[in-house]
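One-letter residues, chain by chain:
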Amino acid sequence: MPGVPQSLVGCALLASETAADIARRCRSDTRLLSLLVQEKCGDDANHSRFARDFKTLADVLVQCVVAKRIGQQFPELNDSVYGEENDTIQNNVGRDVTIRVGDTVDETLECLCEALDNDLESARSLAEAAHRQFTVDQLNVDLVPPDSEVLDLTKVGIWIDPIDSTNEYISGNVEAENEFGFHSSGLHCVTINIGVFDKETGKPLAGVINQPFYMRDADKRWSGRCYWALCNQQQKGLHSLPTFVNENKPDVIVTSSSECEAVTTSLRQSGYTVLTAAGAGYKLLCVALGAVRAYVLTKDSTFAWDTCAAHAMIVSLGGNACHCVRPAGLEPLTYSPKTLSGNRTYCNAAGIIASRHPQTVQKVHALIND
Ligand code: 2IP
Ligand code: CA
């Protein structure tokens, strides 16, 4: 079919657009959003970063849609697609509903009706959105992904972060771009991250990032932008990201607003301009796009699903994303399949240093650890 690449990265890219459409729909419907924001509990919550951690119906539905699409096109991957969220959400009368995307709109509608307390209109709109198919020419992407890729699917695992920066997504603020061309908070920092990795080596292989809230028109309607990259041995360097960036500007390091003052002070004293931005995926995307020189995080507040997609992009560009603090050495982050153990298993416990420039990764690692 024209505009529908047969590769895994192409499939993930088109699925990410269905996901972005759902994210925009849920966000523009205040009733939907207020009904379905739910607090995460126990091991599922990211308590090292947020006192309260939330998920939305959009998170759960997006994850199910992306997993379903990948499983439909690549049935051999059915058991190798992992997501940040579990697949249940509580409805208004306190009942847990497992979200399932069916083979037809009606099957999905039935499940969503239960989650939405029989609000048929909202459920139908979401069920239709979950089954909407896009073609590449409908996407805001700089390069069409290849029709095939050199991947051994028996070794492939996939991490999905359905909505990264859920807190920004829920608050819905909009902030102006800074002088370096990125946003420190707000809806622009929301991303959908789909990362492909090698289950044997733990290395990233490919990544897709969709930014659903990239631009707003005069009628305040949002449109998005998406990116993909391959970094498997045979296709490293194949991506839709800018290859050349203007290096003639201050060296900006982006950090979390929760980063320790001692760390940001030492980076500033070494001549870096240090700025904060929300969203681990968004900060890594800023690195991949060349808007910043590096992303530095000394804390254990990110997970495999936050980093795998952008990590693949940065590797495709010749850079890397490595552990930041000792006792971990200057080794790249790695990824493993989801098992029954809790979410902390997938935590990037020694933080992150990510840059398109390997010498920056080394320099910053030395600066923080010496
Ligand atoms: C969060 C989100 C946060 C980030 C945190 C992630 O993921 O990306 O913004 O904190 O590390 O786990 P910070 O913004 O300080 O970098 P989610 O929104 O999916 O829970
Ligand atoms: Ca996340």
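For the structure given in this document, a descriptive report is provided here. In this text, all values refer to a predicted model and were calculated from it rather than measured experimentally.

### Let's talk about the packing of aromatic side chains
Alright, step 1. The full count for this structure, using the stated rule, is nine aromatic pairs.
Alright, step 2. Between Trp 159 and Tyr 346 the ring centres are 5.0 Å apart and the planes differ by 55°, which places this aromatic pair in the tilted class. With Trp 159 in strand S6 (residues 156-164) and Tyr 346 in the loop between strand S14 (320-322) and strand S15 (352-355), this pair connects stretches of sequence that are 187 residues apart. Summarising the burial analysis for this pair, Trp 159 and Tyr 346 share the class buried.
Alright, step 3. Over the face of the ring belonging to Tyr 214 we find Arg 225, whose NZ or CZ atom lies 5.9 Å from the ring centre.

### What to know about the coordination of the calcium ion (ligand 2)
Six octahedral donors around a metal ideally make angles of 90 or 180 degrees; four tetrahedral donors ideally make 109.5 degrees.
Alright, step 1. Bound to the calcium ion (ligand 2) are the protein donor atoms Asp 161 (OD), Asp 164 (OD) and Asp 306 (OD), situated 2.1 to 2.3 Å from the metal.
Alright, step 2. Spacing between the donor residues of the calcium ion (ligand 2) along their common chain follows D-x2-D-x141-D.

### Some remarks on unusual backbone geometry
Alright, step 1. With an omega dihedral of 10°, the bond running from Arg 326 to Pro 327 counts as a cis peptide bond.
Alright, step 2. Within the secondary structure, Pro 327 sits in the loop between S14 and S15.
Alright, step 3. Notably, Asn 118 is not glycine yet its phi reads approximately 60°, a positive angle.
Alright, step 4. Its place among the elements puts Asn 118 in the loop between helix H4 (105-115) and helix H5 (120-130).
Alright, step 5. Non-glycine residue Ser 165 carries a positive phi angle of around 75°.
Alright, step 6. Here Ser 165 shows up in the loop between S6 and helix H6 (166-171).

### Some words on the pairing of S15
Alright, step 1. Of the two faces of S15, both are covered, the one formed by Ile 352 and Ala 354 as well as the one formed by Ile 353 and Ser 355.
Alright, step 2. Bridging between strand S13 (residues 294-297) and S15 involves four bridges; their strand directions are antiparallel. Paired with Ala 294 across the bridge in S15 is Ser 355.
Alright, step 3. Strand direction decides the pairing type here: S14 and S15, joined by three bridges, are antiparallel. For Cys 322, the partnering residue across the bridge sits in S15 and is Ile 353.

### Section: the sheet that holds S14
Adjacent strands of a sheet form backbone hydrogen bonds with each other and so pair up, either parallel or antiparallel.
Alright, step 1. Read across the sheet, five strands follow the order S12-S11-S13-S15-S14 without closing on themselves; strand pairing throughout is mixed. Whereas interior strands pair on both sides, the edge strands pair on one side only; in this sheet they are strand S12 (273-276) and S14. Strand-to-strand, the axes of this sheet are offset by a mean angle of 20°, without reference to chain direction.
Alright, step 2. Contacts from helix H8 (residues 280-288) reach strand S11 (252-255), S13 and S15, with the element oriented near 145° to S13.
Alright, step 3. Against the sheet, helix H10 (residues 358-369) touches S11, S13, S14 and S15, its axis set at about 150° to S15.

### Details of helix H1 (residues 8-28)
Alright, step 1. Helix length check: H1 (21 residues) gives 30 Å between terminal C-alpha atoms against 30 Å at 1.5 Å per residue, within 8%.
Alright, step 2. The element H1 is extensively covered by neighbouring structure, given that 19 of its 21 residues are classed as buried.

### Examining the sheet that holds strand S8 (residues 204-216)
Alright, step 1. Here we have six strands laid out as an open sheet, ordered S3-S6-S7-S8-S9-S10, and mixed in their pairing. Single-partner strands in this sheet number two, and they are strand S3 (81-83) and strand S10 (238-239).
Alright, step 2. With six bridges connecting them, strand S7 (residues 191-198) and S8 associate as antiparallel partners. Note on S8: the bridge partner recorded for Asn 193 is Ile 209.
Alright, step 3. Sheet contacts for H8: S6, S7, S8 and strand S9 (222-230); angle to S8, the most-contacted strand, approximately 100°.

### Observations regarding the packing of H4 against H5
Axis angle and axis distance: for two packed helices, these are the angle between their axes and the distance between the axes, and together they describe the pair.
Alright, step 1. At their nearest, the axes of H4 and H5 sit 8 Å apart, and the two run at 135° to each other. Classified by the interaxial angle, the pair formed by H4 and H5 is oblique. Two packed elements cross with a definite hand, and for H4 against H5 that hand is right-handed. Counted together, Val 105, Asp 106, Thr 108, Leu 109, Leu 112 and Cys 113 of H4 and Leu 120, Ala 123, Arg 124, Leu 126, Ala 127, Glu 128 and Ala 130 of H5 form the full contact between these two elements.
Alright, step 2. In the contact of H4 with H5, the residues fall into nine nonpolar, one polar and three charged.

### Quick notes on helix H3 (residues 57-73)
Alright, step 1. Between the first and last C-alpha of H3 there are 24 Å, a value that for 17 residues agrees with the 24 Å anticipated at 1.5 Å per step.
Alright, step 2. Taking burial as the measure, the 17 residues of H3 include 13 buried ones, the bulk of the element.

### Quick word on the packing of H1 against H5
Alright, step 1. The geometry of H1 relative to H5 is characterised by a closest axis approach of 9 Å and an angle of 160° between their N-to-C directions. Regarding the angle of H1 to H5, the classification is roughly antiparallel. The hand of the H1/H5 crossing is right-handed. In this structure, H1 contributes Thr 18, Asp 21, Ile 22, Arg 25 and Cys 26 to the contact, and H5 contributes Ser 125, Leu 126, Ala 129 and Ala 130.
Alright, step 2. Looking at the contact of H1 with H5, its residues break down into five nonpolar, two polar and two charged.

Parameters at a glance
Residues numbered from 1 in each chain as written. Chains lettered and ligands numbered in written order. Predicted model: local features only at pLDDT ≥ 70, side-chain atom pairs only at ≥ 80, totals over all residues. Heavy atoms only, no water. Phe/Tyr/Trp six-rings, centres within 6.5 Å; stacked < 30°, edge-to-face > 60°. Helix = DSSP H or I, 4+ residues; strand = E, 2+ residues; numbered from the N terminus. Buried < 20%, exposed > 50% of the residue type's maximum accessible area, 1.4 Å probe, protein only. Lys NZ or Arg CZ within 6 Å of the ring centre and 35° of its normal. Donors = N, O, S within 2.8 Å, 3.2 Å for Na, K, Ca; no water. Pairing = 2+ DSSP bridges. Axes fitted to C-alpha atoms, helices over the stretch in contact; angles between N-to-C directions. Contact = heavy atoms within 4.5 Å. Expected span 1.5 Å × (residues − 1). Parallel < 35°, antiparallel > 145°, perpendicular 65-115°, else oblique. Left-handed = near helix turned anticlockwise from the far one by under 90°. Nonpolar A, V, L, I, M, F, W, Y, C, P; charged D, E, K, R; others polar.

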